[in-house]
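# Structure at a glance
Chain by chain, the residues:
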Amino acid sequence: MNDTNAAAPIRKTIRVEATPEHAFAVFTERIGRWWPPHYGLLSQPRHELILEPGIGGRWYERAADGTELTWGKVLAWEPPQRLVLAWQIDGTYQYRPDFMVEVEVRFLADGPGATRVELEHRNFERYGEYAAGMLQALDSAAGWSLMLEGFAAEVARAD
Amino acid sequence: MTYQMESLTALADPTRRSIFERLAQGPQAVGELARGLPVSRPAVSQHLAVLRASGLVRAHAEGTRHIYRIDPQGLAELRAWLDRFWDQALESFRNEVHASAAPPGDKRNP
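Residues numbered from 1 in each chain as written. Chains lettered and ligands numbered in written order. Predicted model: local features only at pLDDT ≥ 70, side-chain atom pairs only at ≥ 80, totals over all residues.

## Some words on the overall build of chain B
The secondary structure content of chain B amounts to 5 helices and 3 strands. The order of helices and strands in chain B, counted from the N terminus, is α-α-β-α-α-β-β-α. Looking at the 110 residues of chain B, the share that counts as buried comes to 23%. Partitioning the contacts of chain B with sequence separation of at least 6, the portion at a separation of at least 24 is 49%. (Helix = DSSP H or I, 4+ residues; strand = E, 2+ residues; numbered from the N terminus. Buried ≥ 20, exposed ≤ 12 C-beta atoms within 10 Å, placed from the backbone. Contact = placed C-beta atoms within 7 Å.)

## Some points on the sheet that holds strand S2 (residues 57-62) of chain B
Residues and elements named next belong to chain B. The strand order across the open sheet built from 3 strands is S1-S3-S2, with neighbouring strands paired in antiparallel fashion. Looking along the sheet, the strands with just one partner apiece sit at the ends: strand S1 (28-29) and S2. In the sheet, S1 pairs with strand S3 (residues 65-70) via 2 bridges, with the strands oriented antiparallel. Looking across to S3, one finds that Ala29 is bridged to Ile67. (Pairing = 2+ DSSP bridges.)

## So, helix H4 (residues 41-53) of chain B
Residues and elements named next belong to chain B. End to end, H4 covers 18 Å across 13 residues, agreeing with the expected 18 Å (1.5 Å per residue, within 8%). Among the residues of H4, Val44, His47, Leu48 and Leu51 are the ones counted as buried. Down the axis of H4, the buried side of the element spans an arc of 105 degrees, and every buried residue falls inside it. Along H4, the residues that are exposed and aim more than 90 degrees away from the buried face are Pro42, Ala49 and Ala53. The first or second residue beyond H4 is Gly55, which carries a positive phi of 85 degrees. (Expected span 1.5 Å × (residues − 1). Arc of directions from axis to C-beta.)

## A short note on the confidence of the model for chain A
Residue and element names in this part refer to chain A. This prediction gives chain A a mean pLDDT of 77; 64% of its residues lie at or above 70. Confidence scores differ between elements of chain A, with helix H3 (residues 131-158) showing the lowest mean pLDDT of 46 and strand S5 (residues 82-87) the highest of 96. Under a pLDDT of 50 for its full length, residues 1-7 has, in the predicted model, 15 contacts with residues more than four places off or in other chains. (pLDDT = per-residue confidence, 0-100.)

## Side note on the nonpolar core
The nonpolar side chains of soluble globular proteins are, as a tendency, buried together. Judged by nonpolar contacts, the single largest core of 20 residues is most densely connected at Ala23, Phe27, Val105 and Val117 of chain A together with Val97 of chain B. Of all the elements in the fold, those that place two or more residues in this core are helix H1 (20-29), strand S2 (46-51), S5, strand S6 (101-109) and strand S7 (115-122) of chain A together with helix H5 (72-99) of chain B. Here this core takes 4 residues from H1 of chain A, the largest share from any one element. Excluding its chain neighbours within four sequence positions, the residues that come into contact with Val105 of chain A are Phe27, Leu83, Val117 and Leu119 of chain A. Within the second largest apolar cluster, 11 residues are counted, among which are Ile19, Leu23, Leu33 and Ile70 of chain B. (Core = buried A, V, L, I, M, F, W, Y, C linked by C-beta atoms within 7 Å.)

If you want it as structure tokens, here you go:
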């Protein structure tokens, strides 16, 4: 029963003009530069978002004053082809080692100097009893601003 | 937002989750659902009412029976938020890749 309509994972694909090696490096080493800035779970502005390389590497957020919040860990580290992250934040903003949803990312060469990045976010139904809190946490920081940004981007594209 | 939160709260209950997962395999009547679960038929009906109110399942009558099925629209709402998140995150990832992938010799490339 893991692959039902109910549990259908979110799948996204994006093509970038770069080699898989470069795409993998940007995804991991520069995650703090591309992760949407208002998607932090600290009560203060995020200073850094860090993904430690290698299996078991910690994925965490750090504020300017040094406060850290762990998001999860690396489950699979196969540069430049594949990365699996455990996202271990429950709906109370807490890191819980016994909770996780998985994000798998594949980097597939797509012609010279281009890469198709395939992302799968699965198990999100596991938020279960924590889901309301999780959505509240995300929404408080990002709900309307995200929608308005999407709207603005759409308007710009329509020109 | 409220709608999505109701959906997720509805699935917080383990019995409701198993009802929901059974319906994901195909439409069923209350009686069939109740036979496979360690709860009474009235309890199953109550859980179904919650799932229905949250937009996750819908029902239609076939004679005297009510057949329940997953409401794809409710599920779509539930996933929409994370879906939008990844659209934005990956777009921003691509911008970062391109900003840092200038050809060799390009002075803008650190």
